[in-house]
Amino acid sequence: MPSYIVTLKEDATDEQIAAAKKQAQEQGGKIGHEYGIIKGFQVIFPEGSVHSLDSNEHVKAVEADGEQQPYSSRHAPKEPSTSHPPRDAEHGRRHARRSEAEDQVPMLAKQPLHSLSLADLVKHGRPPLSAEALLSSARFTLSLLPIRLAHRIQALRNLPYIVVSNKNISKIYNNYQHSLSTLLPWQGRTISNLEDEIRFTEVLAELVQTHTDTIPILARGFLECRKYISATEVTRFLDEHLRARIGTRLVAEQHIALHFSSQPHFDPGASPTPCPEHPSYIGVIDTALRPASVVDSCGGFVADICELNYGVRPEWVIDGEADTTFAFVPMHLEYIVTELLKNAFRATVENHMNREPIVITIAAEPPDMRPHASHIGLSLPTETRGAFGGDAIAPLDDNAPGVTIRIRDRGGGISPEVLPHIWGYSFTTFSEADEVLGGDDALSVISNASNGNSSIAGLGYGLPLSRAYAEYFGGGIGVQSLHGWGTDVYLKLKGVGKIE
Ligand SMILES: Nc1ncnc2c1ncn2[C@@H]1O[C@H](COP(=O)(O)OP(=O)(O)O)[C@@H](O)[C@H]1O
Ligand SMILES: [Mg+2]
């Protein structure tokens, strides 16, 4: 059945909108989605019917609902305020910056993404950095971010119109547009003194903060739009989007951490991103990360959540080479291990196997003894070493010894019906459950997540997002389920090389 998007003029009153809807209904149309961001609604007419909505003086446009049409900037959801006249000069300036940012998106998004290597992140040296090295890190960060943000905005614009009009998805869209507009004024000028560098770091900190809740907001948006977009399309979008987001955040967080651990502003305690005052850290990278310590601290955290949820505290043991260390981003390892332990602990408790500890085995790959293997000095070559799957960051050295972590539980395994779906941003199971439970369960999990609380399970994002983090540096995750017995999860992490 033909479906149209009816947009009303920006000054249309609520009564005029209601009148246009009534007119559509009187002519046989059924009102579908109603938009909050733009004044408008979707209307579906029976095949072959004729309507006269175009002649309504308050209607700006009646367009065929081309759900699969590429999203054009003409359709870009505007912040609600953009339909009002600017209230003051500052507001006007922000408004102008935003439109400028909107115009620049297609051009920026055409530029290829710099395939980032970890070498890029450590090339400015080991902190504390000199003022000159810090300025060069800032300039490098600025050269990457606008293009990365524009690519994300373009991808959001390419979603079906009805999806990006959802208030949650358009909130994310507006966040990206806002971040791009705060960075664009920096382009075309050189960050050449420490004052500029401080202001630029403040912009980065705001950017990282703005995008903190992206995942639960997108999850809610896609849940609300599940009638208009297939689970496969959602997974395809989220996989690309969340992988790209890992890199963008890493670039910004790395500069922020370097800023606070560098001579001119040395104050690691003040950093909004982790940057311990420890010699093994280069920005957010720990060059001597001990996976066993991460497992223990995340295990304690997940056991607390279990205790709150189920009143029991599963146990875990670590065996293998518990003392091994390697160079990695602790935040990433913590995310992955927490998600994998949540799954293992939850299955163990629900399968009434609390007496069986979860066993975490840590195995270090033997170091490659060939000459020049895995020893990288800080005077790194500038060319990008082997690109990993498009946006991935390449490890410092392809021969760097890796670490494999096996998490073994006696939680009964994964049922054959669930197994094929575990890597999807779980919409099939989620939306079915949602229908049965009236939506409350799924939404309460999401609002918990956006309040910074942690649920033992729910979004269905744990495994796919953990895999995205693991693959970012060329690692991976494999799942072996013995249905009726338990699950083994293999987390393989590629060492990023020894940084001297
Ligand atoms: N160790 C495990 N034991 C049993 N089932 C598991 C295990 N790990 C994952 N699963 C299954 O895979 C599904 C997807 O896991 P995940 O992506 O972490 O999402 P969530 O935990 O939010 O449901 C889980 O709901 C569960 O059914
Ligand atoms: Mg999970």
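Residues numbered from 1 in each chain as written. Chains lettered and ligands numbered in written order. Predicted model: local features only at pLDDT ≥ 70, side-chain atom pairs only at ≥ 80, totals over all residues.

In the nomenclature of an unreviewed UniProt entry, the protein corresponds to Protein-serine/threonine kinase from the organism Rhypophila decipiens.

Where strand 7 (residues 316-320) lies against strand 9 (residues 358-364), 5 bridges are found, and the strand directions are parallel. Within strand 9, the residue paired with Val 317 across the bridge is Val 359. Summarising the sheet, strand 9 and strand 11 (residues 403-409) pair through 6 bridges and their orientation is antiparallel. Looking at the pairing, Ala 363 lines up with Thr 404 of strand 11. (Pairing = 2+ DSSP bridges. Helix = DSSP H or I, 4+ residues; strand = E, 2+ residues; numbered from the N terminus.)

For the rest of this paragraph, the subject is helix 11 (residues 330-350). With 21 residues, helix 11 extends 30 Å between its outermost C-alpha atoms, agreeing within 8% with the 30 Å of an ideal straight helix rising 1.5 Å per residue. At the exit of helix 11 stands His 352, carrying a positive phi of roughly 55 degrees. (Expected span 1.5 Å × (residues − 1).)

With that settled, the discussion passes to the sheet that holds strand 13 (residues 486-493). Think of a sheet as strands paired side by side through backbone hydrogen bonds, with each pair either parallel or antiparallel. Pairing is mixed in the open sheet, where 5 strands are placed in the order 7-9-11-13-12. The sheet is open, and its two borders are formed by strand 7 and strand 12 (476-482), each paired with just one other strand. Along the sheet, successive strands turn relative to each other by an average axial angle of 15 degrees, direction set aside. Each of strand 9, strand 11 and strand 13 is contacted by helix 11, which is oriented at about 20 degrees to strand 11, the strand it contacts most. Helix 14 (residues 462-472) contacts strand 12 and strand 13 of the sheet and is inclined by roughly 135 degrees relative to strand 12. (Axes fitted to C-alpha atoms, helices over the stretch in contact; angles between N-to-C directions. Contact = placed C-beta atoms within 7 Å.)

The immediate surroundings of ligand 1 are formed by 17 residues, with Asn 343, Ala 347, Ala 457, Gly 462 and Leu 463 found nearest. Only helix 11 and helix 14 provide two or more residues apiece to the shell around ligand 1. At 4 residues, the largest contribution of residues to the shell around ligand 1 is made by helix 11. Considering only residue class, the shell around ligand 1 consists of 8 nonpolar, 7 polar and 2 charged. (Near = placed C-beta within 6 Å. Nonpolar A, V, L, I, M, F, W, Y, C, P; charged D, E, K, R; others polar.)

A few words on the pairing of strand 13. Two strands pair when backbone bridges link them, and strand 11 and strand 13 are joined in this way by 7 bridges, in the antiparallel orientation. Residue pairing across strands places Ile 405 opposite Leu 491, the latter belonging to strand 13. Both strand 12 and strand 13 contribute to a ladder of 7 bridges, which runs antiparallel. When the sheet's bridge partners are listed, Gly 478 is paired in strand 13 with Tyr 490. Here strand 12 folds back onto strand 13, and the loop between the two strands holds 3 residues, one of which, Gly 484, carries a positive phi near 95 degrees.

With respect to topology, 3 strands assemble into an open sheet ordered 5-6-8, the strand pairing being antiparallel. Each having just a single partner strand, strand 5 (281-282) and strand 8 (326-328) make up the two edges of the open sheet. Of the strand pairs in this sheet, strand 6 (residues 285-289) and strand 8 are connected by 2 bridges, and their pairing is antiparallel. The partner of Asp 286 across the bridge, within strand 8, is Phe 328.

A word on the environment of Leu 204. For Leu 204, the location among the structural elements is in helix 7 (residues 194-210). Taking the C-beta count within 10 Å as the criterion, Leu 204 has 26 such neighbours and is therefore assigned buried. Put simply, Leu 204 and Ile 256 are 52 residues apart on the chain and 7.2 Å apart in space, counted from C-alpha to C-alpha. Those residues in contact with Leu 204 that sit more than four places away from it in its chain are Thr 141, Ala 252, His 255 and Ile 256. (Buried ≥ 20, exposed ≤ 12 C-beta atoms within 10 Å, placed from the backbone.)

Turning to helix 7, a few remarks are in order. Between the first and last C-alpha of helix 7 there are 24 Å, a value that for 17 residues agrees with the 24 Å anticipated at 1.5 Å per step. Each element contacted by the buried residues of helix 7 is listed here: helix 4 (131-157), helix 6 (167-183) and helix 9 (231-260).

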